[in-house]
Amino acid sequence: MATVLAVHAHPDDLDILAGGTLAHLSALGHRVVVATATAGEGGSADHGPEETGRMRRAEAAAAAAHIGAAYRCLGLPDLGVFNDDPSRRAVTELLREVKPDVVITASPADYHPDHEAISALTRDACFAAPVANYRTGGAAPLAGIPTLYFTDAIGGRDRDGTRLARDFGVDITRLMPTKALMVAEHRSQVAWVRKQHGVSDFLADMEAWSRRVGQDFGVGYAEGFRQYRHTPYPRQPVLQQMVGPLLINP
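Reading the values: rules and limits
- Per chain, residues are indexed from 1 in the order of the written sequence.
- In keeping with the model being predicted, local features are shown solely for residues with a pLDDT of at least 70 and side-chain atom pairs are shown and tallied solely at 80 or more, while totals for entire chains, interfaces and linings include all residues.
- Side-chain descriptors were evaluated using all non-hydrogen atoms of the structure, hydrogens and water having been removed beforehand.
- A run of H or I in DSSP counts as a helix once it spans at least four residues, and a run of E counts as a strand once it spans at least two, with each numbered from the N terminus.
- To get the radius of gyration, use the C-alpha atoms; to get the globule rule, take the number of residues to the power 0.38 and multiply by 2.2 Å.
- Exposure is judged per residue with a 1.4 Å probe applied to protein chains only, and the accessible area is read against the type maximum: over 50% gives exposed, under 20% gives buried, and values in between give partly exposed.
- We call two residues in contact when some of their heavy atoms are within 4.5 Å.
- Computed with the Shrake-Rupley method and a 1.4 Å probe, the accessible areas treat only the protein chains shown as cover for residues.
- Think of a polar contact as two N or O atoms within 3.5 Å of one another; within protein, one of them needs to be a possible hydrogen donor and the other a possible acceptor, and neighboring residues in sequence only count if both atoms come from side chains.
- A pair of Phe, Tyr and Trp rings is counted when the ring centres sit within 6.5 Å of each other, with Trp represented by its six-membered ring. The angle between the planes then sorts it: under 30 degrees is stacked, over 60 is edge-to-face, the rest tilted.

## Some words on the overall build of the protein
No. 1: A tally of helices and strands in the protein yields 8 helices and 8 strands.
No. 2: Against the globule reference of 18 Å for 250 residues, the protein gives a C-alpha radius of gyration of 17 Å, in line with a compact fold.
No. 3: Taken along the three principal axes of its C-alpha coordinates, the protein extends 50 × 45 × 35 Å.
No. 4: The proportion of buried residues among the 250 residues of the protein is 53%.
No. 5: When contacts within the protein are restricted to residue pairs at least 6 apart in sequence, those whose partners lie at least 24 apart make up 78%.
No. 6: For the protein, the exposed surface amounts to about 10,500 Å²; the carbon and sulfur share of it is 52%.

As structure tokens, then:
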């Protein structure tokens, strides 16, 4: 069995973009660790940052528990994630502690600066994690660079509205009830996304997005991914093989 580390910016991001895939991997017996750069403490107009952060960490842990996954929060500030040296060392230490075979992170292009920053940080941490002389905390360097994947961007487009390419999809049609349970844990976001994003129904919006991706692949519901294969990152289709018959090629 493999270890999968999924890293994104805020507590609901991975559940929306990859929750079905992570549920499938966990059900197959793989170890799944979900991590967020921030506690999402900016995501409320009704509570202060400390209380919001506490609520959202608890929501993320509850969502992860639905699939038997562990949850970690790096504690970087919401709207304050940058590709700098301290943050890179923090993400690298996370990788060294978890020792993943596969890493899934945010799209390099997205509407949110934290999403783009954690994508770059995670990509670079995968490279740095095996470098023995790159010192972080107490965890030992990895034996090699993990296989790296990017999720879709929110809405599947970059900041200019251009659609982003995918390498493959995962058919999550039968996993939608579990994904809905995961996303429903993020109760604090119902009012926030209505105010900030103009989304009247948080859960229905996730379902509509998963259906739209499914339509792109000719199935009921799906999640899209892209593999990062640039030298010297691994090129083997590890995640594609792990998801088995749920794999959908373009």
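## Concerning the side chain of H10
No. 1: Along the chain, H10 turns up in the loop between strand 1 (3-8) and helix 1 (13-27).
No. 2: Within the structure, the side chain of H10 is placed 3.1 Å from the side chain of D114, a separation counted as a polar contact.
No. 3: In terms of polar contacts, H10 uses its side chain to reach the side chain of H115, at 3.3 Å.
No. 4: What H10 contacts, discounting residues up to four positions off in sequence, is T36, T38, G40, R56, D78, H112, D114 and H115.

## Quick notes on the packing of aromatic side chains
The way to describe two aromatic rings as a pair is by their centre distance and the angle between their planes.
No. 1: In the structure shown here, the tally under the stated rule is 4 aromatic pairs.
No. 2: Relative to F225, the ring of F168 lies with its centre 5.8 Å away and its plane at 25°, an arrangement referred to as stacked. Remark: F225 occurs in strand 7 (residues 222-228) and F168 occurs in strand 6 (residues 168-171); sequence separation between them is 57 residues.
No. 3: Take F168: its relative accessible area is 1%, and that puts it in the buried class.
No. 4: The class for F225 is buried, based on a relative accessible area of 1%.
No. 5: Through pairs of rings, three or more aromatic residues link up here, namely Y149, F168 and F225.

Any functional reading would require information beyond the geometric quantities listed.
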